[in-house]
Amino acid sequence: MSTVLSPPFLFRFATPIRYRSKIWSDRSLAFGEEFRLQSFGLLEGKRQFADVRAAWNERGIAFSINVTGKRQAAWCRESRAVESDGLQVWIDTRATNNVHRATKFCHRYVFLPTGGGHSLREPAADQLLINRARENAKPIRPGELRIRSLMKADGYTLECCVPATALTGYDPSEYDRIGFYYAVMDRELGWQNFSVGTQFPFDEDPSTWGVCELVRD
C-alpha cells in the first residue's frame, strides 16, 4: 500500500536536550546514552546510520554524531557545503512553529567532517542563509563555530558546538524550548532526518521543524 501522507507529518514532535555543565573543551567529550536524539524518520522506515546526540548549557548547544556503515569515503567540499556529506541543524530560539518563513531567531548551520582547508582534509563549519526568511539571523564571526572530527574506515565521528553568541535570542532561563530540526546527509547512505523527509520544505519552513525542550535533570 502506498502512503498518502508522511507519518512524521501527522505529529508535532518534542524531545529533550539535556543539560551538561561542560559542552566543549580541547579534548573530545563523551556524550552518554541520555543525550541521544531521536530520528522520527523511523516512522517512514528510513535507515538509521547516524547516532546523533546533543547537550546544552547557558553557553550554547553541542552535537555529537557517529556515522557508520559507509564503504565509500565521505564527499565534502567547504565551497559546496549544502551538497556535502555532513550534519545540518536548524534552530529557532523562540520555537515559533506556526510560521512558514524564518525570523531572525531562526538559524541554519552546516558541519562537515572533512573538505576544509587547503588540503580539503580539515573539518569545516558555516552558517547558511534560510531561503525566504523574513529576517536573517545575525552573521557569525569567523571561527565562532566549534568543530572536530575523526575519519574512520566505515564512517566518521563529528563533534560540534554552536555557542550562545551565535544564537540570536538564546536565553534558556526564559525560553526553555527551541524549534529544532537536523539532517545527516550522505551521498552513499542517504538522508537521516529528525522528522519529515525531503518531500517537505524543512530547509526554509519552521512549521515543519520539531521542538526540543532544554531539560536540566
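Throughout what follows, the structure given in this document is the object of discussion. Since the model is a prediction, treat every value here as computed from it, not as a measurement.

What follows covers empty space enclosed by the protein. Applying the stated rule across the entire model yields one cavity of 30 Å³ or more. Put simply, the largest cavity is a space of about 70 Å³. Lining the largest cavity are 13 residues, with Cys106, Leu128, Ile130, Asn136 and Ala137 positioned closest to its centre.

Each aromatic ring pair is specified by the distance between its two centres and by the angle formed by the two planes. For the coordinates displayed, the defined rule picks out 11 aromatic pairs. Between Tyr19 and Trp56 the ring centres are 5.0 Å apart and the planes differ by 80°, which places this aromatic pair in the edge-to-face class. With a gap of 37 residues between them, Tyr19 in strand β1 (residues 14-19) and Trp56 in strand β2 (residues 50-57) connect regions that are remote in the sequence. The exposure class assigned to Tyr19 is partly exposed, which follows from its relative accessible area of 24%. Taking the centre distance of 6.3 Å and the plane angle of 55° together, the rings of Phe180 and Tyr182 count as tilted. Each member of the pair, Phe180 together with Tyr182, is buried.

Here the focus is the layout of surface pockets. When its volume is computed, the largest pocket comes out at roughly 160 Å³. Contributing to the lining of the largest pocket are Ser21, Lys22, Ile23, Trp24, Arg59, Gly143, Glu144, Arg146, Cys161 and Pro163. Across the lining of the largest pocket, the residue classes break down as four nonpolar, two polar and four charged.

Counting 51 residues, the largest nonpolar core has Phe63, Leu87, Tyr109, Phe111, Phe180, Tyr182 and Val184 as the members making the most contacts within it. Looking at this core, the elements that each hand over two or more residues are β2, β3 (60-67), β4 (86-92), β5 (106-116), β8 (155-163), β9 (177-186) and β11 (210-215). Ranked by residue count, the leading element in this core is β9, at six residues. The residues touching Tyr182, leaving out its near neighbours within four places in the chain, are Leu37, Gln38, Ser39, Val52, Leu87, Gln88, Val89, Trp90, Gln192, Asn193 and Phe194. Ranked by size, the runner-up nonpolar core spans seven residues in total, among them Leu29, Phe31, Ala55 and Ala62.

Parameters at a glance
Residues numbered from 1 in each chain as written. Predicted model: local features only at pLDDT ≥ 70, side-chain atom pairs only at ≥ 80, totals over all residues. Heavy atoms only, no water. 1 Å grid on protein atoms, 1.4 Å probe; cavity = no way out; pocket = protein on both sides within 12 Å on 5 of 7 lines; lining within 4 Å. Points joined across faces, edges and corners; volume = space filled by probe spheres on them. Phe/Tyr/Trp six-rings, centres within 6.5 Å; stacked < 30°, edge-to-face > 60°. Helix = DSSP H or I, 4+ residues; strand = E, 2+ residues; numbered from the N terminus. Buried < 20%, exposed > 50% of the residue type's maximum accessible area, 1.4 Å probe, protein only. Nonpolar A, V, L, I, M, F, W, Y, C, P; charged D, E, K, R; others polar. Core = buried A, V, L, I, M, F, W, Y, C linked by side-chain atoms within 4.5 Å. Contact = heavy atoms within 4.5 Å.

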